[in-house]
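Analysis of the macromolecular model
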Amino acid sequence: MEWFDLTVKDVKKVTKEATSVTLSIPDSIKNSFSWQPGQHIQLELTIDGERTRRCYSISSTWGQALTFTVKKIQGGKASTYINERLKADDLIKVTAPKGRFTLTPNSETRRSYYFFAAGSGITPIYSMLTTLLPNEPDSFAYLLYSNKDSKSTIFAEELVHLQKKYSDRLIIKHCHSSPGWFDDAPWRKGRIDTDAVHAFINECPPYAQDAQYYLCGPGSFIPDLKKALNEIDVPNTRIHMESFGGAKTPEKPTGDKAILNVNFNGEKHQIPVASNQSLLRAMLAEGIEAPYSCEGGVCGTCRCFLTKGEVSMQNNLVLDETDIKKGIILACQAIPQSKDIEIKYKT
Amino acid sequence: MLKNNILPIEAYTDSTWFDLEMRHIFSSTWAYAGLVEDISEPGQFKSIQAGLNNIIIVKGRDHRLRAFHNMCRLKGTQLLRAEGKLQKAITCPYHDWTYDLEGELISVPKMDLEFANLDKSCLGLKQASVDIWRGMLWVHPEKDAPAVTQWFKDVEPYLGPHQPEKLMEAKDNVVIEDIKANWKIVVENYIDHYHLAQLHSGTLNMYDHAKAEFGFVGPHFAFWEPLDPEYAKNLEKNASMPLIDYIPKEQLGASVPMLFPGIGLGESETSWSVFHVIPIAVNHTRVEVRTKVMPASDWEFAKYASRSNKFWEKRIGPKYASEDANHPLGSADFMQEDIYVCEQQQKSYQSPYFELGPSASHGESPVRDHQQVVWDYLKPFIKNTKEG
Ligand code: FES
Ligand SMILES: [Fe+2]
């Protein structure tokens, strides 16, 4: 993975708990930094002497300066640092944008886009929305967005403006889990759950019939919503997902200590995997730069072939039965279930 | 001398031409498939004959419409008929092959016994495209058809400000006519400006034909004419139905486009209608007209009708007062007048003594232009025919 040292051009508070960071991209690396709405970058921060890496989605509009938006997570080292200490002119280490959760507008396409976002899951979707609306004039967008209350809603004001500007093609509805006393009533109280998804689509059926569904949020948000969509006949081919807000896996998976043999970029490695450690984490710890992105079992970037041994996968929203039969696994989710494991990457 | 001779006469009389048109025009463009309200609930479906293709549209619980070719992958048997409601799957009546709402083949009776290594994933229904535009359903036989909005992009600015979704369909008002004439004769009559003041002197005189603006935009025809000044002077009182209340004053009149192929719209101060031209045979065309009006009570409609009665009594009359009211030319109904002349024209086209007359340079220019559009579609497939 190639790291670039970039200068922070601007840091801006967007809510009390969220900050947008704009980077300066020198002309010499412009090409590596061209991006599609929905993609993310990886940051490497050294905070109090300790190195941490994090992925953040780009929140700016296509063609504008690269900006990412970070919500402060309780106890989150990187997010707290960005929200409280990062300032203009600081240097940070960044990778080039990547990710398959993308939306590339086409002026001749006509679609209905449904966006479901929870909390900071709005950031890639905000980039998609603001890029889509001006660049795909025959398409329609429907956003269902959940937050604690209106104060904590990232891009609340910007969304109001967007709604006004594109009133004939954009519908935005909010869910607030604990609406404030003086807030305008949200469309619905509570989080986005199955009922909310179904009610939203019933109330706002697609006008253009080529409908696509984009999900972005933390934890079980994605599997839950995917299930809700499947229940009303939405096929997986139309669902696009990005797991977000940390790859926290609720229950600790159990696994044995194992030895992993991996052939990566022509080099053979033999490395240990700790109990409950994913193959991906084990490789990263040994400095093997295996590909990954969401670390949530959603994007499929980390796919590889299991050629020996057994693993179990916590969360898999990408691979279907035929993939699994072929031995494809998600390294970010794979926990060893036997002592001797071997994987290979397609070159 | 100008003539309407871009197409040869055989184009109107020879079934070889008809077959080519069915294949290369009606089976390869966006086809009108009804009004959005025809499929309002999940599970509801409708099948549409569009040229050679029979296409089913079905709505999922996600309210998205899907379109498939209405053919079972075993023997091509038609899966669904006309209109109805299904549960979760589509089952062929012949051998009970069953498909889900994505068109995937999900069950085959006695599969292991009868078919060795059957790969169900390659035997899904052939997908087509469906979309909604201006309150109408549209289907296209290709799965990745260019957007319907692209197909109508250039003509859209010339259409009326009507919002068909906000109008309601007039009760018992579907008109179906079987016309003994080629579909192009019906279309040419619809877009012919020259005849309006003559044939329809007693029936379409609420518009000012002299001020009509019209012409082709790509394959589609746009036409607009303002209200007749006398009618317009006291419009609220003279209108026979509630006026569509959001039409700006300067746009009051009639927009009468003919979308290709054979989808005429009639967008007026009081109503909005679709005039769907369906070719049945070289000398047989069906026309289905559906009309929408302002949502208002029966009482309101009665009020307008009685209030304007006097005005129309004086104004509307048959082409020939001497004719019986059963005769098209005595009917005082412009559609009957048009059908009559179309059928007469078709008859003459079949006579060995028929010879094309001159073409009116302005009033009949749409006829020549439409012939050109058809010719452009068919040219590559016509052999041994001289180019007009
Ligand atoms: S990194 Fe996204 S699925 Fe593993
Ligand atoms: Fe006419």
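Rules and cut-offs
Residues numbered from 1 in each chain as written. Chains lettered and ligands numbered in written order. Predicted model: local features only at pLDDT ≥ 70, side-chain atom pairs only at ≥ 80, totals over all residues. Heavy atoms only, no water. Donors = N, O, S within 2.8 Å, 3.2 Å for Na, K, Ca; no water. Tetrahedral: all angles 85-135°; square planar, octahedral: opposite > 155°, others 65-115°. Helix = DSSP H or I, 4+ residues; strand = E, 2+ residues; numbered from the N terminus. Buried < 20%, exposed > 50% of the residue type's maximum accessible area, 1.4 Å probe, protein only. pLDDT = per-residue confidence, 0-100. Salt bridge = Lys/Arg side-chain N within 4 Å of Asp/Glu carboxyl O. Pairing = 2+ DSSP bridges. Contact = heavy atoms within 4.5 Å. Axes fitted to C-alpha atoms, helices over the stretch in contact; angles between N-to-C directions. Buried area = accessible area lost by both parts, 1.4 Å probe. Polar contact = N/O pair within 3.5 Å; in protein donor to acceptor, adjacent residues only side chain to side chain. Arc of directions from axis to C-beta.

This next bit is on the coordination of the iron ion (ligand 2). Residue and element names in this part refer to chain B. Every protein donor of the iron ion (ligand 2) is listed here as His 195 (NE2), His 200 (NE2), Asp 338 (OD) and Asp 338 (OD), and their distances to the metal cover 2.1 to 2.4 Å. Every donor counted, the four donor atoms about the iron ion (ligand 2) form angles of 57 to 156° at the centre, which fits irregular coordination. Spacing between the donor residues of the iron ion (ligand 2) along their common chain follows H-x4-H-x137-D. Here His 195, found in the loop between α5 (183–191) and α6 (196–199), pairs with Asp 338, found in helix α10 (residues 334–349); they are 143 residues apart in sequence, far enough to count as distant. We note that His 195, like Asp 338, is buried.

Next up on the list: the confidence of the model for chain B. For chain B, the average pLDDT comes to 93, and 99% of its residues sit at 70 or higher. The ipTM, which scores confidence in the relative placement of chains, is 0.88 for this predicted complex, and the corresponding pTM is 0.86.

Take the pattern of salt bridges next. Overall, the coordinates contain 34 salt bridges over all chains when judged by the stated rule. When the shortest N-O distance is used, the salt bridge between Arg110(A) and Asp131(B) registers 3.0 Å. With Arg110(A) in the loop between β6 (91–95) and β7 (112–118) and Asp131(B) in strand β9 (residues 127–133), the pair connects residues from two separate chains. Asp131(B) gets classed as buried once you look at its relative accessible area, which sits at 5%. With its nearest N and O atoms 3.7 Å apart, the salt bridge here joins Lys173(A) to Glu203(A).

Looking now at the sheet that holds strand β12 (residues 239–243) of chain A. Residue and element names in this part refer to chain A. The strand order across the open sheet formed by six strands is β10-β9-β8-β7-β11-β12, and the pairing between neighbours is parallel. The sheet is open, and its two edges are formed by β10 (188–189) and β12, each paired on a single side. Strand direction decides the pairing type here: strand β8 (residues 140–147) and strand β9 (residues 170–176), joined by seven bridges, are parallel. Along β9, the bridge assignment pairs Leu 144 with Lys 173. Docked against the sheet, helix α2 (residues 122–135) engages β7, β8, β9 and β11 (211–217), running at close to 155° with respect to β7. Here helix α3 (residues 156–165) sits on the sheet in contact with β8 and β9, set at roughly 150° to β9.

Think of interface size as the accessible area that goes away when the parts come together; that is how it is often given. With 21 residues of chain B in contact, the opposing surface of chain A contributes 19 residues. Taken together, the two surfaces of chain B and chain A that pack against each other cover about 1,600 Å², and 43% of this comes from carbon and sulfur. At the surface where chain B touches chain A, the tally comes to twelve residue pairs in polar contact (both at pLDDT 80 or more). Among the elements of the structure, β4 (65–69), β9 and α4 (148–151) of chain B are those that each provide at least two residues to the side of chain B that touches chain A.

Residues and elements named next belong to chain A. Those residues of helix α5 (residues 221–231) lying buried are Phe 221, Ile 222, Leu 225, Lys 226, Ala 228 and Leu 229. Looking down the long axis of α5, one finds its buried residues gathered within 160° of arc, a one-sided arrangement. The elements touched by buried residues of α5 are β7, α4 (194–203), β11 and β12. Positive phi appears at Asp 233, one or two residues downstream of α5, with a value of about 80°.

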